[in-house]
Amino acid sequence: MSEGLRPLFSLKGRLALVTGSTRGIGLAAAETLARQGATVVINGREPEAVHSTVAEGQRSGLDFRPMSFDVGDTTASVQAVDQIEQELGPLDILFANAGIQHREALLEFELSDFQRVIAFNLTAQWALAQHAARAMVTRGRGRILFTGSITAVLGRERLSAYTAAKGALHAMVRQWSTELAPAGVTINTIAPGYIRTELTKALWTDPSFDEWLQKRTPAGRWGLPQDLAAAVAFLASDEAGFITGQTLVVDGGLSSTM
Ligand SMILES: NC(=O)c1ccc[n+]([C@@H]2O[C@H](COP(=O)([O-])OP(=O)(O)OC[C@H]3O[C@@H](n4cnc5c(N)ncnc54)[C@H](OP(=O)(O)O)[C@@H]3O)[C@@H](O)[C@H]2O)c1
């Protein structure tokens, strides 16, 4: 390589916060961001899980740092961003990934459960990202990513609150991009299909759902958290600076086929 050329998609010197990164999609994304050179703040509600994830990452040579907080507590998450910036420096990348699920038939769905899912999957993400965006805009650079869902693109029963929140995130990135792009900040959504994680355990341990999913997905399998990670690292990179307001679907072709 000639002198002066740096590797593509390098995140060397960048600081990232990945919410919900003690396992699943968040952990795989955190590992890939760190492998690309970023310092990555690991988050979850359980301090012990956060510390053991950080220790394991550090043993593998990844620059992981701990920050436990409940993303659903908007005061705590705003304070966490401030603390990260004070202790580690400017936050370059926010991957607002943590999300919750509540499955119930539409006509049985309690309003309080709807409000709880919307408060976490939409309102709390909005507040966290708005706070991070304020600081990024003053610096003229930044990358914000949300975890959306193909359920925002394709309907499925028992997911009315989750779908409303994830669909709103997909719409929100389009709108936010109009106000953030002039300041050099991009915002995008990653929309996973069915990924084998703790969140979907009830589905992949159900033999009939498992069989249906593998037949229904052109790739013929469940997604793995690592299937999302490269997409996150790409959208977080300098090279993706002209991509904003978009949803990148990662679903093995599920939403492209009848
Ligand atoms: N798996 C799929 O098929 C799929 C499909 C579409 C979209 N998604 C979305 O992908 C994202 C990640 O899902 P996943 O499947 O990777 O889930 P997961 O394996 O269950 O991991 C969830 C992570 O979020 C953390 N977390 C949960 N509640 C939190 C809170 N209140 N504050 C901070 N951290 C919290 C968990 O740690 P603690 O529990 O210790 O806090 C854990 O680290 C979610 O937004 C989900 O909606 C997943």
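Since we're looking at a predicted model, the values are computed, not measured.

(A) Summary view of the side chain of Thr151. Structurally, Thr151 is set in the loop between β5 (142-147) and α5 (160-180). Of the polar contacts made by the side chain of Thr151, one reaches the side chain of Ser149; its length is 2.8 Å.

(B) View of the pattern of salt bridges. For the coordinates displayed, the defined rule picks out 10 salt bridges. A salt bridge links Arg14 to Asp238; the nearest nitrogen and oxygen atoms lie 2.8 Å apart. Of this pair, Arg14 sits in the segment before β1 (15-18) while Asp238 sits in the loop between α8 (225-236) and β7 (247-250), and the two are 224 residues apart along the sequence. When its relative accessible area of 37% is taken as the criterion, Asp238 is described as partly exposed. Asp113 is paired through a salt bridge with Arg116; the nearest N and O atoms lie 3.3 Å apart. Placement of the pair is Asp113 and Arg116 together in helix α4 (residues 111-139), with a separation of three residues, close to one helical turn. On the accessibility criterion, Arg116 (37% relative accessible area) is partly exposed.

Criteria and thresholds
Residues numbered from 1 in each chain as written. Predicted model: local features only at pLDDT ≥ 70, side-chain atom pairs only at ≥ 80, totals over all residues. Heavy atoms only, no water. Helix = DSSP H or I, 4+ residues; strand = E, 2+ residues; numbered from the N terminus. Polar contact = N/O pair within 3.5 Å; in protein donor to acceptor, adjacent residues only side chain to side chain. Salt bridge = Lys/Arg side-chain N within 4 Å of Asp/Glu carboxyl O. Buried < 20%, exposed > 50% of the residue type's maximum accessible area, 1.4 Å probe, protein only.

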